[in-house]
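A structural walkthrough
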Amino acid sequence: MKAKITLAKEFRIGDIDKRIYGSFIEHLGRAVYGGIYEPGHPTADENGLRQDVIELVKKLNVPVVRYPGGNFVSGYNWEDGVGPVADRPKRLDLAWGTTEPNAFGTNEFMAWCRKANAECMMAVNLGTRGPDEARNLVEYCNHKSGSYWADLRRSHGVEEPHNIKLWCLGNEMDGGWQMGAKTAVEYGRTALEASKLMKWTSPGIETVLCGSSSRNSPTFGTWETESLDIAYDSVDYVSLHQYYDNRPDDTPSFLAKTLELDEFIYSVICAVDYVKSKKRSKKTINLSFDEWNVWYHSNSIPYEKWSVAPPRLEDIYIFEDALMIGSMLITLLRHCDRIKIACLAQLVNVIAPIFTKTGGGVFEQTIYFPFMHLSNYGRGAALMPLVDCPKYDCKEFTDVPYLEAIATFDEEKDEMTVFCVNKSMDENVVLDLKLMDFDGYKPVEFISMDGYDKKAENTFDKVNVRPHDNPVPEADGSDVTVNLAPFSWNVIRFKK
Ligand code: AHR
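Residue numbers restart at each chain and count upward from 1, following the sequence in its written direction. The predicted nature of this model means local features are confined to residues of pLDDT at least 70 and side-chain atom pairs, given and counted, to a pLDDT of 80 or more, with totals for whole chains, interfaces and linings taken over all residues. Note: side-chain values were computed over all heavy atoms of the structure, leaving out hydrogens and water.

1. Examining the overall build of the protein chain
Filter applied, for reference: Strands here mean DSSP runs of E at least two residues long; helices mean DSSP runs of H or I at least four residues long; both are numbered from the N terminus. Only C-alpha atoms enter the radius of gyration, while the globule expectation follows 2.2 Å times N to the 0.38, with N the number of residues. Partly exposed residues are those whose accessible area sits between 20% and 50% of the maximum for their type, while under 20% is buried and over 50% is exposed, using a 1.4 Å probe and protein chains only.
Looking only at helices and strands, the protein chain features ten helices and 26 strands. Compactness check: the protein chain gives a C-alpha radius of gyration of 23 Å against a globular reference of 23 Å for 496 residues, within 12% of the reference. Seen through its principal axes, the protein chain has C-alpha atoms that stretch 70 × 60 × 45 Å. Looking at the protein chain as a whole, 62% of its 496 residues qualify as buried.

2. Examining the packing of helix α6 (residues 222-231) against helix α8 (residues 258-279)
Stated precisely, the cut-off is as follows: Whenever a helix is involved, its axis is fitted only over the stretch in contact; in every case the axis is a line through C-alpha atoms, and angles between N-to-C directions fall within 0 to 180 degrees. The cut-offs work like this: below 35 degrees is roughly parallel, past 145 is roughly antiparallel, 65 to 115 is roughly perpendicular, and the gaps in between are oblique. Two helices that cross are described as forming a left-handed crossing if the nearer one is turned anticlockwise from the farther one by less than a right angle, and a right-handed crossing if clockwise. By definition, residues are in contact when any of their heavy atoms lie within 4.5 Å.
Interhelical geometry of α6 versus α8 gives an angle of 40 degrees and a closest axis separation of 9 Å. By the angle between their directions, the pair α6 and α8 is classed as oblique. α6 and α8 meet at a crossing whose hand is right-handed. Contact residues: α6 offers E224, T225, L228 and D229, while α8 offers A271, V272, Y274, V275, K278 and K279.

3. Side note on the site of the ligand
As a reminder of what qualifies: Put simply, a residue is near a molecule or strand once any heavy atom of it comes within 4 Å of that molecule or strand. We call two N or O atoms a polar contact when they sit within 3.5 Å, provided that within protein one can donate a hydrogen and the other can accept it, with sequence-adjacent residues counted only if both atoms are side-chain atoms. Methods summary: accessible areas were calculated by the Shrake-Rupley approach with a probe of 1.4 Å, and residue burial reflects only the protein chains presented. Residue classes follow a fixed rule: Ala, Val, Leu, Ile, Met, Phe, Trp, Tyr, Cys and Pro count as nonpolar, while Asp, Glu, Lys and Arg count as charged, and any other residue, Gly among them, counts as polar.
As a structural note, the neighbourhood of the ligand is formed by F24, E26, G70, N71, W96, N171, E172, Y243, E291, W295, Q346 and I351. The side chain of E172 places a nitrogen or oxygen atom 2.8 Å from an oxygen atom of the ligand. Contact with the protein chains hides 95% of the accessible area of the ligand, taken as 280 Å² for the molecule alone. Tallied by class, the residues present in the shell around the ligand amount to five nonpolar, four polar and three charged.

4. Some details on the side chain of S213
Tracing the chain through its elements places S213 in the loop between β9 (206-209) and α6. Take S213: its relative accessible area is 8%, and that puts it in the buried class. Those residues in contact with S213, other than ones at most four positions away along the chain, are E172, D174, W177 and H241.

5. Observations regarding the sheet that holds strand β4 (residues 64-67)
This is how the line gets drawn: Two strands make a pair as long as DSSP finds a minimum of two bridges between them.
The eight strands lie next to each other as β3-β4-β7-β8-β9-β10-β11-β12, forming a closed barrel whose pairing is parallel. Each adjacent strand pair in this sheet contributes to an overall mean axis angle of 30 degrees, direction not counted. The pairing of strand β11 (residues 286-294) with strand β12 (residues 339-344) spans four bridges and is classified as parallel. The residue bridging L287 from the neighbouring strand is I339, located in β12.

6. Notes on the nonpolar core
One broad rule of soluble globular proteins: the nonpolar side chains tend to lie buried together. How we decide: As used in this record, nonpolar core signifies buried Ala, Val, Leu, Ile, Met, Phe, Trp, Tyr and Cys residues forming a set joined through side-chain atoms within 4.5 Å. Marked domain ranges trace back to an automatic or database domain assignment.
Ranked by internal contacts, the top residues of the largest apolar core, which has 166 residues, are F109 and W112. Ranked by residues supplied to this core, first place goes to helix α9 (residues 319-333) with ten residues. When residues of this core are sorted by domain, at least three fall in each of domain 1 (2-9 + 383-495) and domain 2 (17-377). With residues near it in sequence (within four places) discarded, F109 still touches I25, I36, V65, Y67, F104 and C120.

7. Notes on the domain arrangement of the protein chain
Here is the rule: Summed over both partners, the accessible area (1.4 Å probe) lost when two parts come together is defined as the buried area. Salt bridge, as applied in this entry: a Lys or Arg side-chain nitrogen positioned within 4 Å of an Asp or Glu carboxyl oxygen.
Along its sequence, the protein chain is carved into domain 1 (2-9 + 383-495) and domain 2 (17-377). A separation of 30 Å is found between the C-alpha centroids of domain 1 and domain 2. Taken together, the contact pairs 42 residues of domain 1 with 38 residues of domain 2. Carbon and sulfur atoms make up 70% of the surface buried where domain 1 meets domain 2, a total of about 3,400 Å² over both sides. Between the two partners, domain 1 and domain 2, sit three salt bridges.

8. Re helix α2 (residues 106-116)
Counting buried positions over the eleven residues of α2 gives eight, a clear majority of the element. What α2 keeps buried is the set T106, N107, E108, F109, M110, W112, C113 and A116. Of the surrounding elements, those touching the buried residues of α2 are α1 (51-60), β4, β7 (119-124), α3 (131-142) and α4 (148-155). Following α2 by one or two positions, N117 adopts a phi angle in the positive range, close to 55 degrees.

Have a look at this one:
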């Protein structure tokens, strides 16, 4: 089939906040223990941080990592995770039915962030705890010295404050599965007071109000407007969470779910701006899409209750998931004027692009690569491409464009990149790329992932599903013709 994409610098959506390429580490399964932290592992440094994992995280170029949960944070006593390790208590984690040894906590995570070149997005417990414990954690992390919590940090061997800028006010507080779940009004009040005290403690920090736990949550919409109505003046972002599955197996419908994702984002923007107008406020609240991914492959795998770090949520991703991850991140970028933060949930072992063997090796899952391409090359501004392509109907959606596309323009580096998924399972696309005002820009690289069975996956022995280079397409004036293989992920890079 044939398609055309027209691009111009004026089609600018907005500047891309690099934090849109964030990720997430929760005390869950083997994300921490056996994932980023494994004392005694052959690649572990003196602090037990696995260097083989850090190398892969660095290649992903993840600027911010949310921590320590997730559902876990709603029962977490952060004080359990600081100070001499031998004195730290073991606790039952009611969120995931495991035992938390607390060998790893705030200071260990901050040391990991420094090694991984990432900032921390810290979540506070507004489930079983409240504003007081939240402001104490801010003081522990961000106050220099001369106060109880700051001096406690110094007595723990961390002289300089961590200066954490970004803070989540709890996690999914609308969900019945959450410890200390709340109504929108209860949460709005708690979040307002927590945010206020946290900002008084450390001026300049930013806070994220929990939105609904997903678009399917029964309170979706009213939760956002009611809680925001109370907390609007003190918070900076509202969160969104969304996971997709392909069950029953219906790939055309699965890949079409980005239409729903697009609508979801749009409705949250509307809800947030409705509160803004009602308040006649000059302040705009932006979005933090701090959990997104494909999640379903591992749902029925049993685990041993109350064990320490058992394998949980260990999805092994397949090739079609890589196309979905590329499509989802493209959809988020189309809203980069309002989405400032996003976290691929999660980063290691738990529904993650990086997979380890405890005591053994590590490999990149299929979804690692589209994320890596977007995070490395998708910087600068996002441009809305004018896409003219055939569409398909499937069980769940009609008029689904075969192509999912975005372009990014990095003016400083004189680079422009087109990212594109061909969702057709059997037809290639002859794409006519029309560049309106990119004089002097030439294609320099054409990377793709294609030719795999939709269920192909990677293993410790073979990272089978991975990108490959193609011949660089020729430019004919402002036109470039690119052949997109059936069912493919494509990155076409231009330079001046
Ligand atoms: O990422 C896994 C879990 O999904 C998180 O703990 C929770 O916030 C969400 O429901």
